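Below, each chain spelled out in residue letters.
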Amino acid sequence: MTARMKELDPWVVCHVGTQDEIGILSENVNALYQSLLTTIDNLQEENARVSEAEAAKVDFLRAASHELKTPVTALGGMLDNMIMGIGRYRDWETYLPVCRDMVNKFGVMIQEILDASKARIFR
């Protein structure tokens, strides 16, 4: 029976119908084996929860990255146009404060992403 326990057969039980040391040992082995199987099941469930949380975290970070990409690209375009003196962006004194405001918003968004990534839902 212990050889089958070694293979983690969930249906195996040591049957010893005595109350001597061997019978007590058999009961202890059965109890230990059931505890081991329960622990394995609990670990598998926890592993599944962790995997789901990690997948949610990856999805969240992908979505957050996508949300940041568009305004960062726009900011880069504005700055490039100011540097090259193109169109309305030649008036850099007007648009640099706009750029600074955008950068400040990015800072807030990034902090929110960092806070959310540390949140309990991802643990």
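Refer to the structure presented above.
Residues numbered from 1 in each chain as written. Predicted model: local features only at pLDDT ≥ 70, side-chain atom pairs only at ≥ 80, totals over all residues. Heavy atoms only, no water.

(A) Structural detail: unusual backbone geometry. At leucine 8, a position not held by glycine, the phi torsion is positive, near 60°. Of note, leucine 8 is situated in the loop between helix H1 (2–6) and helix H2 (21–84). On the basis of relative accessible area, leucine 8 is assigned to the partly exposed category, the value being 39%. (Helix = DSSP H or I, 4+ residues; strand = E, 2+ residues; numbered from the N terminus. Buried < 20%, exposed > 50% of the residue type's maximum accessible area, 1.4 Å probe, protein only.)

(B) Looking closely at a nonpolar patch on the surface. Taken together, the side chains of Val16, Ile22 and Leu25 present a nonpolar region at the surface, about 260 Å² in accessible area. Overall, valine 16 belongs to the partly exposed group, its relative accessible area being 36%. (Patch = residues over 30% accessible without salt bridge, like charges linked within 9 Å, V, L, I, M, F, W, Y side chains within 5 Å. Areas by Shrake-Rupley, 256 points an atom, 1.4 Å probe, with all protein chains shown as cover. Salt bridge = Lys/Arg side-chain N within 4 Å of Asp/Glu carboxyl O.)

(C) Focus on the nonpolar core. Of all hydrophobic cores here, the largest spans 11 residues; its members are Ala64, Leu68, Leu75, Met78, Met82, Tyr89, Tyr95, Cys99, Met102, Phe106 and Ile113. Of all the elements in the fold, those that place two or more residues in this core are H2 and helix H3 (92–117). Look past the residues within four positions of cysteine 99 in its chain and what remains in contact with it is Leu75, Met78, Leu79 and Met82. Within the second largest apolar cluster, five residues are counted, among which are Met5, Val12, Cys14 and Leu37. (Core = buried A, V, L, I, M, F, W, Y, C linked by side-chain atoms within 4.5 Å. Contact = heavy atoms within 4.5 Å.)

(D) Seen up close, H3. For H3, with 26 residues, the first-to-last C-alpha span of 36 Å sits near the 38 Å given by 1.5 Å per residue. Residues of H3 that are buried: Tyr95, Cys99, Met102, Phe106, Ile113 and Ser117. (Expected span 1.5 Å × (residues − 1).)

(E) Examining the packing of H2 against H3 more closely. Two elements in contact, H2 and H3, have axes separated by 10 Å at closest approach and are oriented at 170°. As summarised for this structure, H2 and H3 are arranged roughly antiparallel, according to the angle between their axes. For the contact of H2 with H3, the per-class residue count stands at 23 nonpolar, one polar and two charged. (Axes fitted to C-alpha atoms, helices over the stretch in contact; angles between N-to-C directions. Parallel < 35°, antiparallel > 145°, perpendicular 65-115°, else oblique. Nonpolar A, V, L, I, M, F, W, Y, C, P; charged D, E, K, R; others polar.)

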